[in-house]
Amino acid sequence: MKRVIFLTLSVLAGFFLVLAPLARAAEAQVDKPAPNFTLPDTNGKSHSLSDYKGKIVVLEWLNHDCPFVKKLYNSGHMQKLQKTYGKKGVVWFSIISSMPGKQGYCTPEQANELIKQKKAAPAALLLDPDGKVGKLYGAKTTPHMYIITSDGVLVYNGAIDDISSTKVEDIAKAKNYVQIGLDEVMAGKEVSTKTSVPYGCSVKYK
Amino acid sequence: MSQKQNLQQDKNGPEYYEKSKNMKPNPIWKRISLFQYPLISLALFIFIYVFIAFSAEPQQSEHVKARLISEVKSIQPGESFYVALWLKMDKLWHTYWKNPGDSGLPTKIEWNLPDGFVPGVVQWPYPKRFEKSGLVSFGYEGEVFLITQIEAPKAIKSGTNAKLSASVDWLVCKERCTSGHVDLVIKMPVKDKNPKINRRWASHFRETRKKLSRISSEWEVNAFINKDQILIHIDVPSEFKGELKNITFFPEQGGIINYSGSQNLKRAQDGYILEVQRSKLSTRLPARLKGVLLSPEGWGNSREKRALHIDVPLMNVN
């Protein structure tokens, strides 16, 4: 009986091993080249990922009204990461993929105002109101974090840390995957955690 | 209403840590004459006595009303009883299941009970699947009853009152999300006799229990995993004469399956195989697969048993 199940399953498994990858959309995958994109920042300047070859890039999906994001910004934690790694030459892009009218959407002026208010320090805040880049990277939540090496390889895709919560006091207890990943990349080491399950509010796509 | 408007005007305001405010008593005492006082206080006393014993006043937070409700009217020393957290969400807003899916956060209840009382784990009814722009979450809209079993110690004295407190946190989302927190209290009398049922809420307890997932000895389930899929093999018991249709698997653990992927049910030799796509972000695989298999037509010959609880070894067939 068990043998029959096993055989059936193996045949099915083989069948789907061939078919399943075909059904998948071209999405960002770790250990593969990070897909290129071009987006305007809040001052109208256009940024392409390919312009930053030679630099480590962080992508941070952002929605300032999301309670999970508020935890990180109201505590000053996200700004601190942006400043610390910015000084070390890391290019940090915050990206808003909320569509107009949805939570987190900002006009360039509103976004600049928010940067000032929150004392945020990304290299640039990129605006993706049609969600194209968000979907290209498979960004699911705010926050959702990515690390790209100076060779343009995606080495981290996932959560900011390992405690899914909206409480400030959990930040200190959590293991911050981005911090660990960046330190490892800068030390020339293999990233120990390359993927994790992102947590947060859903990205407000159209 | 006014609270909502305020929050919309000030989206960056500190709504996220705000505790819900207690309801303020109407200053009725200013408008009545002295001789009415005894009458009113008597009425008030009766009201409090009758009401507070079984269900605490609802607390209103942004988009969610919350209240603790006991299934019984009194606590018997040494016996266990059930208390539910009732959450009533505004229209189109939802709170989350124990595994929230691609986004969200499960509702969290932290009990603060008198000495010797032991709370059990939350009994989660099976959730509803919400999909928006390819992102899937699991939760509840309308209202939900989250039941917890509480064991009372033998040592408590009849004639006293027990104060059960719960600190409750949730995330509630429609298109935007906001987190809520309330501290709830329910006072219950301790009586040395079989407690009476709180009739007003009996149907809520009954209906919610139909949505709890249960382990079955009749349905044998095995789970296998390969590079891309989880295959859930369901053996059909000989007594079952129906046909399985539209089976959905809700994993209890996060990050194992691709929530937006389709789940396909196929006939196999002795039953069915449910094919579920693996998550691309899963790193460590769990040794066991836990969750709920939902059958809209029911697992027995009645539609009342819809949610089958599974907790089985996850065998690698790579």
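Model, not experiment: these values are computed from the prediction.

### Some points on the overall build of chain B
Then comes step 1: Scanning chain B for helices and strands turns up three helices and 18 strands.
Then comes step 2: The burial tally for chain B puts 48% of its 318 residues in the buried class.
Then comes step 3: A sequence separation of at least 24 residues applies to 70% of the contacts in chain B between residues at least 6 apart.
Then comes step 4: Looking at chain B as shown, the accessible area adds up to about 16700 Å², and 52% of this sits on carbon and sulfur atoms.

### Quick word on the environment of B:Glu220
Residues and elements named next belong to chain B.
Then comes step 1: Looking at the element boundaries, Glu-220 is found in strand β12 (residues 220-225).
Then comes step 2: Here Glu-220 falls in the partly exposed class, since its relative accessible area comes to 38%.
Then comes step 3: Sequence spacing of Glu-220 and Ile-234 is 14 residues, and the spatial spacing of their C-alpha atoms is 6.0 Å.
Then comes step 4: Within polar-contact distance, the side chain of Glu-220 engages the side chain of Asn-222 at 3.2 Å.

### A word on helix α2 (residues 67-74) of chain A
Then comes step 1: Of all eight residues that make up α2(A), seven are buried, and the element is covered over most of its length.
Then comes step 2: Every buried residue belonging to α2(A) is among A:Pro67, A:Phe68, A:Val69, A:Lys70, A:Lys71, A:Leu72 and A:Tyr73, and all of these are buried.

### Concerning unusual backbone geometry
Leaving glycine out, the prevailing phi sign among residues is negative, and the prevailing peptide bond configuration is trans.
Then comes step 1: In the segment running from A:Thr142 into A:Pro143, the intervening peptide bond is cis, with an omega of -5°.
Then comes step 2: Counting through the fold element by element, A:Pro143 comes out in the loop between β6 (141-142) and β7 (145-148).
Then comes step 3: Look at B:Leu92: it is not a glycine, yet its phi comes out positive at around 75°.
Then comes step 4: Counting through the fold element by element, B:Leu92 comes out in the loop between β3 (80-89) and β4 (94-101).
Then comes step 5: Overall, the relative accessible area of 55% leaves B:Leu92 in the exposed class.
Then comes step 6: Non-glycine residue B:Asn246 carries a positive phi angle of around 50°.

### A short note on the nonpolar core
Then comes step 1: B:Phe81, B:Phe117, B:Ile232, B:Leu289 and B:Leu293 are the most contacted members of the largest nonpolar core, which totals 66 residues.
Then comes step 2: Top element by residues in this core is strand β10 (residues 161-173) of chain B. It accounts for six residues.
Then comes step 3: Counting only domains with at least three residues in this core, you end up with domain 1 (53-210) and domain 2 (220-316) of chain B.
Then comes step 4: If sequence neighbours within four positions are ignored, B:Phe117 has contacts with B:Ile75, B:Phe81, B:Ile150, B:Glu151, B:Ala152, B:Pro153, B:Ile156, B:Ala162 and B:Leu164.
Then comes step 5: A:Ala111, A:Ile115, A:Cys201 and B:Leu171 belong to the second largest nonpolar core, which has 40 residues in total.

### As for the sheet that holds strand β14 (residues 248-251) of chain B
Residue and element names in this part refer to chain B.
Then comes step 1: Spatial ordering of the open sheet is given by β14-β17-β18-β12-β13-β16-β15, a layout of seven strands whose pairing is mixed. Edge strands, defined here as strands with exactly one partner in the open sheet, are β14 and β15 (264-268). Neighbouring strand axes in the sheet, compared pairwise and without regard to direction, differ in orientation by 30° on average.
Then comes step 2: Looking at chain direction, strand β17 (residues 288-294) and strand β18 (residues 307-316) are connected through seven bridges and run antiparallel. Considered in β18, the bridge of Lys-290 is made with Asp-311.

### Some details on the sheet that holds strand β4 (residues 91-96) of chain A
Residue and element names in this part refer to chain A.
Then comes step 1: Spatial ordering of the open sheet is given by β5-β4-β3-β7-β8, a layout of five strands whose pairing is mixed. Here the strands that pair on one side only, and so sit at the sheet edges, are β5 (124-127) and β8 (154-158). The mean angle between the axes of side-by-side strands here comes to 20°, regardless of whether they run parallel or antiparallel.
Then comes step 2: Inspection of the sheet shows strand β3 (residues 57-61) paired to β4 by five bridges, in the parallel sense. For Val-57, the partnering residue across the bridge sits in β4 and is Val-91.
Then comes step 3: The sheet contacts of helix α7 (residues 177-186) involve β3, β4, β7 and β8, and relative to β7 the element is tilted by about 0°.

### Details of the side chain of B:Arg176
Then comes step 1: Relative to the elements of secondary structure, B:Arg176 occurs in the loop between β10 and β11 (177-189).
Then comes step 2: A polar atom in the side chain of B:Arg176 sits 3.3 Å from the side chain of B:Glu62.

### Topic: the state of the cysteines
Then comes step 1: The full count for this structure, using the stated rule, is two disulfides over all chains.
Then comes step 2: With its sulfur 2.2 Å from that of its partner, A:Cys66 forms a disulfide with A:Cys201. Across the S-S bond of A:Cys66 and A:Cys201 the torsion is about 90°, and the bridge reads as right-handed. Of this pair, A:Cys66 sits in the loop between β3 and α2 while A:Cys201 sits in strand β9 (residues 201-202), and the two are 135 residues apart along the sequence.
Then comes step 3: Residue classification places A:Cys201 among the buried residues on the basis of a relative accessible area of 1%.
Then comes step 4: What pairs with B:Cys173 in a disulfide is B:Cys177, and their sulfur atoms sit 2.3 Å apart. As the torsion about the S-S bond is roughly 110°, the B:Cys173-B:Cys177 disulfide counts as right-handed.
Then comes step 5: Overall, B:Cys173 belongs to the buried group, its relative accessible area being 2%.

Conventions adopted
- Residues numbered from 1 in each chain as written.
- Chains lettered and ligands numbered in written order.
- Predicted model: local features only at pLDDT ≥ 70, side-chain atom pairs only at ≥ 80, totals over all residues.
- Heavy atoms only, no water.
- Helix = DSSP H or I, 4+ residues; strand = E, 2+ residues; numbered from the N terminus.
- Buried < 20%, exposed > 50% of the residue type's maximum accessible area, 1.4 Å probe, protein only.
- Contact = heavy atoms within 4.5 Å.
- Areas by Shrake-Rupley, 256 points an atom, 1.4 Å probe, with all protein chains shown as cover.
- Polar contact = N/O pair within 3.5 Å; in protein donor to acceptor, adjacent residues only side chain to side chain.
- Core = buried A, V, L, I, M, F, W, Y, C linked by side-chain atoms within 4.5 Å.
- Domains from an automatic or database assignment.
- Pairing = 2+ DSSP bridges.
- Axes fitted to C-alpha atoms, helices over the stretch in contact; angles between N-to-C directions.
- Disulfide = S-S within 2.5 Å.

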